[in-house]
Amino acid sequence: MCALRCENIHKIYGKSQQATYAVRGISAEFQENTFYSVIGKSGSGKSTLIHLLSGLLKADRGEIFYDEQPLSTMNEQQLEHIKKKTGIVFQNYQLLPELTVRENILLPAVLLEEKCDEEWCDVILEKLQMTDIQSKYPDQLSGGQQQRCAIGRAFMNRPKYLFCDEPTGNLDKKTSKSVLNFLLEIKQLTKPTIILVTHDLDIARSADVVLHIEDGKLVSKSL
Amino acid sequence: MKYHHILRKCFREKSVVVAMCLSVVLLFFTSFLLDSFQAQKQYQRQMIYGFHNGAAFDISEREENKIQNHLSIKESGEMIVYGTIIGDDSSEIGNIGTVDQNFWNLEQFQLIDGTYPAKENEVVMEYAMLDLLHLPYEIGENIDLKIQVTDGTLIEKSYVLSGIIQTYSTNWLCNEHPLLSVITKQCDSEPMQRHLFFSSAYKNENEMKELDALIHETNKSEIIFNEYSFPENIFSFEQIVENGGALLSVSAISALLLICISLSTIAKQLYRNRVLLSLGLNKNKLNRLMVMQSFQQWLICWGCTCFVSAVICMMLAAFGKNIFQFTMTYRPFVVSFIMTFFIVLVMNVSLIVLLRKMNGITGGKDLTRYAEQKVKRKQHFVFHKKSFIDIEKRRMRKKVVLNRILCTGMIGMLFICMYNISTSWQLYQWNMEHLGYSYQWSTDSPTDGLTFQQLNKIQNTEGIETIKYLSSASYYGMNDQLLYVQYENALNDPYVKLYASYKYVDCNETTGLPVTIVMLPENSSIWNDIVDVTDKEKFYRGESAICFFMSLAEISDGSVQVVDSDMKEKITGTEIALHDGEMLSLKAGDHNIQVKCERVIDHLNTINVDTNITPGTIFVSEKLYCQLFDMDSLKYNEVIAYGNHHASYDVTDKLMSMINRNQSITFNNHRIEVEQMKKQIYMKIFYIGIVAVMFCLIFLVQMYQNQLYFLRSEMDRIHLLHELGMNQRWMNKMFLINSPLFALIVFLLVNGISIPILWLLLTRRTSMYVESGLSISRVIKYGLIHTNLWILWIPQVLFLLMYFYLCHKAKICLNEEMKKM
């Protein structure tokens, strides 16, 4: 069943002569409980695509549908509902340095005024093997640990959609592998639709579907 | 909410909290110290002049009761004079008498040593009296005093010295009424005079007028308010300017500090906001959270800091008097609470507004994107002037802007602080130079003043170095009555601003002009200029006068008021047509004397005539002066005696205060004024100096940090700039424009604009020193007197040098990086 769909979406940065076309008319469908990876060269528009799909950026043209409902027509409440079902992992982790690992993971639930499921948080920490370091601060962690923490945070609200923007971009091969394993392992618990942007082919191959982007266009889709 | 602490931690900004605490503390202590300075000044005055603020002299017992029962009288004490103490040279040196218990409570007498007299034969004595009577400083010692009692009998009596009090009587301007220098428990003889000293509530003018009228109802009594004892009017213009200005500048600095620190956290806060938005928080909620959290944070921080500051201030106020010998008050707490509350409120609101606007805007990526586009389009980028400006705009990062704000703020603050110090210092120097440790007697009347004997006595007093005296007529208009003239203490040139008149004959018309008539003593330095050209003997016989006239062109509006007509007419022209040998008609009251103008002097170094009012000065001999004003012997109506710096001031003060007992002659003890001024200026330098140094350090640290942050980001982008074609020369140019040149421009602008404005304001305010309505050139000329440029500029230049050094260090780092490419 189609969980997320985009139709002919465009994104342009800058104006007139200085305009840069980041995404040019991409259309794609994303099925439930499926792992998608998006690959392409630097500047090909991968990150912009994932930001558009996750609602962090607004498309200049085209439409994005969540459960067949267009994103642009959603009101605040509906958007909030979508956000609750969305998890995002960034390349540079984007953890808050003032909060501990546990607090960072709990943050999405706190922000959305959900009842914090501490037990679920414990499960995530255990899966991520971070129970022992849950009271540490981000600057006391390695890059891999920080990214694991960021993944844990993304899973806190049991997301239906998980967007990962080059989650292994700052990590070495070995750590990347382990982070990916954690991602796959934790995926089994909530079964979300994962859209992962990467330029690492090995990681891309772990996905169920691989989308290839060039110059802001979707050039191929392989299973 | 159970997880509220997580949100609180998200929005906590330690540096802002620290800056907020620092600002609150600074403001709190500033207002506290400023008010304490006032209290200290008042305390000093009270120490010197006593705690009561009025006295009725020579009153009867019935009158005393009447005054004592008046509503406005808070406390009162009685003093009864029984006799006069006669010194070794048979001169009167003080008085003896008794005071009641209430008088002791008024704390007029500061007991230096010993105890108050408890027995009939015990006395306490002013410190100066000990010296005058050549008595040793020994409590319990037997002393013999020669006392002249009310009926004129001279008796000798033995007393035991029980204590020493501060010499207070010299501070009271009550020449005709004796004050006690020796106080005993009881006297048997007839009282000479009875005085009532009191402190009044001074609630309003009417009540004081009523009290004044009540005292004047009595026959001989009179009220004398000791001006120094009155609590200073805290709403006077000078007070508001001085204290309010200081408080406002500190508030402005605190606000600036808060804004700068807050700005420096913007990047972090924007990052936090972006993360929170990406985690599903909508913008409305985020803004609400920002407002709630930051307000909660500053409210707690503000409250706690205020509380702690208040407690510390209260402790200082409680113990300050004993520990620091400094009177502190806790009066300004309300001001501090309000000021700090508003500053913190404004800062928070502006920060939130700014953050709301900035959400989603990145700082440094602009240049990167710009460069990327250029590279992508494979455009050849030539680094020229236009592109330099283009790049420079994109380099205008927050840190650079912040550094510029800090630099401007610091130079501005240094200017305000140093201007304050330098002006006060200059005024103090001016007072030291012109008044110094001096005593002055002055009266407006040409027929009144000190006698030659009194002059001699002053000159022969130990501790007096030089004496200047003058007899001058000060009246305006030939047919007018004698008018009061403001004498302006400018006795370095005593021939200033005293007015008389003479007949001005022009085109067969006789006109009266205001002039100054000065008795020229034989030993006057003016003779050095004119002795060769004047018949001195003829002058001293009273047959001629020496005249000095200004050219009318030099007079501000080029005209002089005619005094013989209806006082509205003015004469204009370039020169007053009076020549050697012509006859002058001098008129004073009923006396009209024709005298020959011996000499018209073009210029005298020693003369500065007030060009606004009198066009000339006429010097006459003693004989002519006495003749003109119908006097048997000359009186010196302007006398100033300069004290020796090594003198015992207690004794000198005492002796000088006893020279004259004529009420119409004003006696001023400038030494006390200058001493007070000195204490105040040192306190000011100490306090403002500490504030300035503290802020310099804080600002420099902040600027250095900014510079470092900026440098780091520059390092990342320097390769990019290099690719764009920037070389070392351009890099250096950029640095020069970014920091040192900017700082230099700010320095020049702040000083260039502020100095003339402040001088103009100051000159208007202190019309005591300079005439009002001056032209700009005159403002600058006179303004230079008012400020010490060394004090004003050296700290600013030092700050600039330190800042340049920081910039230079940064430049070297970047150059090295550039060389590696």
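About the criteria used
Residues numbered from 1 in each chain as written. Chains lettered and ligands numbered in written order. Predicted model: local features only at pLDDT ≥ 70, side-chain atom pairs only at ≥ 80, totals over all residues. Heavy atoms only, no water. Helix = DSSP H or I, 4+ residues; strand = E, 2+ residues; numbered from the N terminus. Buried < 20%, exposed > 50% of the residue type's maximum accessible area, 1.4 Å probe, protein only. Contact = heavy atoms within 4.5 Å. Areas by Shrake-Rupley, 256 points an atom, 1.4 Å probe, with all protein chains shown as cover. Axes fitted to C-alpha atoms, helices over the stretch in contact; angles between N-to-C directions. Parallel < 35°, antiparallel > 145°, perpendicular 65-115°, else oblique. Left-handed = near helix turned anticlockwise from the far one by under 90°. Phe/Tyr/Trp six-rings, centres within 6.5 Å; stacked < 30°, edge-to-face > 60°. Lys NZ or Arg CZ within 6 Å of the ring centre and 35° of its normal. Pairing = 2+ DSSP bridges. pLDDT = per-residue confidence, 0-100. Core = buried A, V, L, I, M, F, W, Y, C linked by side-chain atoms within 4.5 Å. Arc of directions from axis to C-beta. Buried area = accessible area lost by both parts, 1.4 Å probe. Salt bridge = Lys/Arg side-chain N within 4 Å of Asp/Glu carboxyl O. Polar contact = N/O pair within 3.5 Å; in protein donor to acceptor, adjacent residues only side chain to side chain. Nonpolar A, V, L, I, M, F, W, Y, C, P; charged D, E, K, R; others polar. Patch = residues over 30% accessible without salt bridge, like charges linked within 9 Å, V, L, I, M, F, W, Y side chains within 5 Å.

*Asks:* I would appreciate a short explanation of the overall build of chain B in the present structure.
*Replies:* Secondary structure assignment for chain B yields 23 helices and 22 strands. Out of the 821 residues in chain B, the part that is buried amounts to 54%. Long-range contacts, defined here as pairs at least 24 residues apart, represent 79% of the contacts in chain B between residues at least 6 apart. When the accessible surface of chain B is split by element, carbon and sulfur atoms take 56% of a total near 38,600 Å².

*Asks:* Looking at this model, I keep getting lost on the overall build of chain A. Mind explaining?
*Replies:* From N to C terminus, chain A includes 7 helices and 10 strands. Here chain A holds 223 residues, and the buried ones make up 54% of them. By sequence separation, contacts in chain A at least 24 residues apart represent 73% of the contacts at least 6 residues apart. Carbon and sulfur atoms provide 46% of the accessible area of chain A, an area that totals close to 10,200 Å².

*Asks:* I keep staring at the packing of helix H3 (residues 101-111) of chain A against helix H4 (residues 118-127) of chain A and nothing clicks. Help me out?
*Replies:* Helices that pack against each other are described as a pair by the angle of their axes relative to one another and the distance between those axes. All names here are of chain A. Where H3 meets H4, the closest approach of the two axes is 10 Å, and the angle between their N-to-C directions is 125 degrees. Taken together, H3 and H4 sit at an angle that is classed as oblique. Of the two elements, H3 crosses H4, and the hand of that crossing is right-handed. Residues Val 101, Arg 102, Ile 105 and Leu 106 of H3 lie in contact with H4, whose contacting residues are Glu 118, Cys 121, Asp 122 and Leu 125.

*Asks:* What am I meant to see in unusual backbone geometry here?
*Replies:* The backbone of Gln 129 of chain A sits at a positive phi, close to 55 degrees, despite the residue not being glycine. Mapped onto the secondary structure, Gln 129 of chain A falls in the loop between H4 and helix H5 (143-155).

*Asks:* Which parts of the structure should I look at to understand the packing of aromatic side chains?
*Replies:* What characterises a pair of aromatic rings is the spacing of the ring centres plus the angle enclosed by the ring planes. Scanning the model with the defined rule gives 8 aromatic pairs over all chains in all. Residues Phe 30 of chain A and Tyr 36 of chain A carry aromatic rings whose centres are separated by 4.9 Å and whose planes lie at 80 degrees to one another, so their mutual orientation is edge-to-face. Tyr 36 of chain A sits in the buried class, given a relative accessible area of 2%. The rings of Trp 425, Tyr 428 and Tyr 682 of chain B are connected pair by pair, giving a single aromatic cluster. The ring centre of Trp 120 of chain A lies 4.3 Å from the NZ or CZ of Arg 158 of chain A, which sits over that ring. When the ring centre of Phe 742 of chain B is taken as origin, the NZ or CZ atom of Arg 404 of chain B, which lies over that ring, is 4.8 Å away.

*Asks:* What is the right way to look at the sheet that holds strand S10 (residues 217-222) of chain A in this model?
*Replies:* Strand pairing in a sheet relies on backbone hydrogen bonds, with the paired strands running either antiparallel or parallel. All names here are of chain A. In spatial order, the strands read S6-S7-S8-S3-S9-S10; together these 6 strands make up an open sheet with mixed pairing. With one partner strand each, in any of the chains shown, strand S6 (86-89) and S10 form the two edges of the open sheet. Ignoring which end each strand starts from, the neighbouring axes of this sheet average 20 degrees apart. The pairing of strand S3 (residues 35-39) with strand S8 (residues 193-198) spans 5 bridges and is parallel. Among the inter-strand pairings, Tyr 36 is bridged to a residue of S8, identified as Ile 195.

*Asks:* Please explain the confidence of the model for chain B as it appears in this structure.
*Replies:* Regions with low pLDDT carry predicted coordinates that are not meant to be interpreted in detail. Residue and element names in this part refer to chain B. Per-residue confidence for chain B averages 69 on the pLDDT scale, and 60% of its residues sit at or above 70. Looking at the elements of chain B, mean pLDDT is at its lowest for strand S13 (residues 500-506), recorded as 40, and at its highest for strand S8 (residues 182-184), recorded as 91. Every residue in residues 360-368 scores below 50 in pLDDT, and together they form 16 contacts with partners more than four places removed in sequence or on other chains. This model gives residues 555-575 a pLDDT under 50, and the stretch forms 62 contacts once residues within four places in sequence are excluded. With a pTM of 0.49, the predicted complex shows an ipTM of 0.85.

*Asks:* Before we go on, may I ask you to explain the nonpolar core in this structure?
*Replies:* In summary, soluble globular proteins display a tendency toward joint burial of nonpolar side chains. In terms of nonpolar packing, the biggest core is built from 58 residues, with Met 20, Met 410, Ile 411, Phe 695 and Phe 799 of chain B touching the most fellow members. Of all the secondary-structure elements, those providing two or more residues to this core are helix H2 (14-49), helix H7 (237-264), helix H9 (283-323), helix H10 (333-358), helix H13 (398-434), helix H19 (670-723), helix H21 (740-765) and helix H23 (789-820) of chain B. The greatest single-element share of this core, amounting to 12 residues, is contributed by H13 of chain B. Each residue touching Met 410 of chain B, except ones within four places of it in the same chain, is listed here: Ala 692, Phe 695, Cys 696, Phe 699 and Phe 799 of chain B. In terms of nonpolar packing, the next biggest core, distinct from the first, is built from 53 residues, Phe 35 and Ile 105 of chain A together with Leu 7 and Phe 11 of chain B among them.

*Asks:* Explanation requested: helix H14 (residues 452-459) of chain B in the structure shown.
*Replies:* Residues spaced three or four apart along an α-helix point in a common direction, a consequence of the helix completing one turn every 3.6 residues. Gln 454, Leu 455 and Ile 458 of chain B are the residues of H14 of chain B that are buried. Taken around the axis of H14 of chain B, the buried residues stretch over an arc of 105 degrees, which confines them to a single face.

*Asks:* When you look at the interface of chain B and chain A in this model, what are you seeing that I'm missing?
*Replies:* Put simply, an interface is often sized by how much accessible area is lost when its parts join up. Of the residues lining the interface, 25 residues belong to chain B; the matching set on chain A comes to 29 residues. Buried surface at the junction of chain B and chain A, summed over both partners, amounts to about 2,500 Å²; 58% is from carbon and sulfur atoms. Viewed at the interface, chain A and chain B are joined by 1 salt bridge. With a shortest N-O distance of 2.8 Å, Glu 103 of chain A and Lys 9 of chain B are connected by a salt bridge. On the surface where chain B and chain A come into contact, there are 3 residue pairs in polar contact (both at pLDDT 80 or more). Residue assignment for the side of chain B that touches chain A shows that the elements contributing at least two residues are helix H1 (4-11), helix H8 (266-278), H9 and helix H11 (365-376) of chain B.

*Asks:* I keep staring at the pattern of salt bridges and nothing clicks. Help me out?
*Replies:* Close approach of charged atoms allows side chains of opposite charge to pair. By the definition in use, this model includes 17 salt bridges over all chains. Salt-bridge contacts for Lys 11 of chain A lead to Asp 60 of chain A; the nearest nitrogen and oxygen are separated by 3.8 Å. Of this pair, Lys 11 of chain A sits in strand S1 (residues 2-13) while Asp 60 of chain A sits in the loop between helix H1 (46-53) and strand S4 (61-66), and the two are 49 residues apart along the sequence. On the basis of relative accessible area, Lys 11 of chain A is assigned to the buried category, the value being 11%. Between Glu 543 of chain B and Arg 541 of chain B there is a salt bridge, with the nearest N and O atoms lying 3.0 Å from each other. By relative accessible area, Glu 543 of chain B is classed as partly exposed at 38%. Given the relative accessible area of 42%, Arg 541 of chain B is considered partly exposed.

*Asks:* So what exactly am I meant to see when it comes to the sheet that holds S1 of chain A here?
*Replies:* Judged by pairing direction, the sheet is antiparallel, and its 4 strands sit side by side in the order S2-S1-S4-S5 (chain A) without closing on themselves. Looking at strand neighbours, the two that pair on one side only are strand S2 (20-31) and strand S5 (69-70) of chain A, the edges of this open sheet.

*Asks:* How should I be thinking about the environment of Ile 143 of chain B in this particular structure?
*Replies:* Residue and element names in this part refer to chain B. On the secondary structure map, Ile 143 appears in strand S6 (residues 142-149). Residue Ile 143 is classed as buried on the basis of its relative accessible area of 3%. Along the primary structure Ile 143 and Ser 158 are separated by 15 residues, whereas in three dimensions their C-alpha atoms are 5.6 Å apart. Sequence-distant contacts of Ile 143, defined by excluding residues within four places in its chain, comprise Val 123, Met 125, Leu 135, Lys 157, Ser 158, Tyr 159 and Leu 161.

*Asks:* What am I meant to see in the pairing of strand S21 (residues 638-643) of chain B here?
*Replies:* It is a general feature of regular strands that their side chains alternate between the two faces of the sheet. Residues and elements named next belong to chain B. Among the 6 residues that make up S21, 6 are buried, leaving the element largely enclosed by the rest of the structure. Neither face of S21 is left uncovered, since the one carrying Glu 638, Ile 640 and Tyr 642 and the one carrying Val 639, Ala 641 and Gly 643 both have all their residues buried. Sheet topology places strand S11 (residues 438-442) next to S21; 5 bridges connect them, and they run antiparallel. Across the sheet, the residue bridging to Ser 438 is Tyr 642, located in S21.

*Asks:* What is the right way to read the packing of H5 of chain A against helix H6 (residues 173-190) of chain A from this model?
*Replies:* Residue and element names in this part refer to chain A. Running from N to C, H5 and H6 cross one another at 15 degrees; their axes reach a closest spacing of 10 Å. Taken together, the axes of H5 and H6 lie roughly parallel to each other. Of the two possible hands of crossing, H5 and H6 adopt the one that is right-handed. In contact with Gly 144, Gln 147, Arg 148, Ile 151 and Phe 155 of H5, H6 contributes Thr 175, Val 179, Phe 182, Leu 183, Ile 186, Lys 187 and Thr 190. Looking at the contact of H5 with H6, its residues break down into 6 nonpolar, 4 polar and 2 charged.

*Asks:* Just checking my understanding: could you explain the pairing of S10 of chain A for this structure?
*Replies:* Residue and element names in this part refer to chain A. Relative to S10, strand S9 (residues 209-214) runs antiparallel, the two sharing 5 bridges. Bridge pairing links Leu 211 to Lys 221 in S10. In textbook terms, the turn of a hairpin is the stretch between consecutive antiparallel strands, and for S9 and S10 this stretch comprises 2 residues, one of which, Asp 215, has a positive phi near 45 degrees.

*Asks:* Whenever I open this one, the side chain of Gln 796 of chain B confuses me. Can you help?
*Replies:* The residue Gln 796 of chain B is located in helix H23 in this model. Ignoring any residue separated from it by four or fewer positions in sequence, one finds Gln 796 of chain B in contact with Ile 411, Leu 414, Phe 415, Phe 747 and Asn 751 of chain B.

*Asks:* Sorry, what's going on with a nonpolar patch on the surface here?
*Replies:* All names here are of chain B. A cluster of nonpolar side chains, namely Leu 741, Leu 744, Ile 745, Leu 748, Leu 749, Ile 753 and Ile 757, defines an oily patch on the protein surface of about 620 Å² accessible area. Within the secondary structure, Leu 744 is located in helix H21. Given a relative accessible area of 36%, Leu 744 falls into the partly exposed group.

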